[in-house]
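Fold and contact review
Here's the letter readout for the chains.
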Amino acid sequence: MSEKQKIIEKMIQMQKQFIARERKSGVTQEDYFVPQTGDILDGYRETFDELATQVVDLAHEEKGSHR
């Protein structure tokens, strides 16, 4: 499995966890933007953003293009 695919799999797992949390107890803006320490959403946005950026960078690298 390529590095890009591994990152995408991690992102999908994160999304599944987010959806499960949302369905179970809902997610407010405060939960999302200012989560409690230790909450599943603590660091979620930053981590997801970093992973998404890595996927974009790897895709550019594969195609020989740049942003």
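For the structure given in this document, a descriptive report is provided here. (Residues numbered from 1 in each chain as written. Predicted model: local features only at pLDDT ≥ 70, side-chain atom pairs only at ≥ 80, totals over all residues. Heavy atoms only, no water.)

Focus: the nonpolar core
Just so we agree on the cut-off: Only buried residues count toward a nonpolar core, which is a set of Ala, Val, Leu, Ile, Met, Phe, Trp, Tyr and Cys residues joined through side-chain atoms within 4.5 Å. For every residue, the accessible area (1.4 Å probe, protein chains only) is compared with the maximum for its type, and the residue is labelled buried under 20%, exposed over 50%, or partly exposed between those bounds. Secondary structure follows DSSP: runs of H or I at least 4 residues long count as helices, runs of E at least 2 residues long count as strands, and numbering of each begins at the N terminus. The contact criterion used throughout is that any non-hydrogen atoms of two residues lie within 4.5 Å.
Core analysis: the biggest nonpolar cluster contains nine residues, these being Ile7, Met11, Met14, Phe18, Leu41, Tyr44, Phe48, Leu51 and Val55. Elements with a minimum of two residues in this core: helix H1 (3-25) and helix H3 (44-63). Leaving out residues up to four positions away in the same chain, phenylalanine 48 has contacts with Met11, Met14 and Gln15.

What about the packing of aromatic side chains?
Spelled out, the test is: Any two rings among Phe, Tyr and Trp, with Trp reduced to its six-membered ring, count as a pair given centres within 6.5 Å; such a pair is stacked if its planes are under 30 degrees apart, edge-to-face if over 60, and tilted if neither.
This model, assessed by the stated rule, comprises five aromatic pairs. Members of the aromatic cluster, joined through ring pairs, are Phe18, Tyr32, Phe33, Tyr44 and Phe48.

Focus: the side chain of arginine 21
Relative to the elements of secondary structure, arginine 21 occurs in helix H1. By relative accessible area, which is 17% here, arginine 21 ends up buried. Beyond its immediate stretch of four places on either side in the chain, arginine 21 contacts Gly26, Val27, Asp31, Asp39, Ile40 and Leu41.

A short note on H1
The condition is simple: Take the residue count of a helix, subtract one, and multiply by 1.5 Å to get its expected span.
For H1, which comprises 23 residues, the first-to-last C-alpha distance of 33 Å matches the rise-based estimate of 33 Å (1.5 Å per residue) to within 8%. The complete set of buried residues in H1 reads Ile7, Met11, Met14, Phe18 and Arg21. Packing partners of the buried residues in H1 comprise helix H2 (29-33) and H3. In the stretch just after H1, glycine 26 is the one whose phi turns positive, near 80 degrees.

Coordinates in, geometry out; function isn't part of it.
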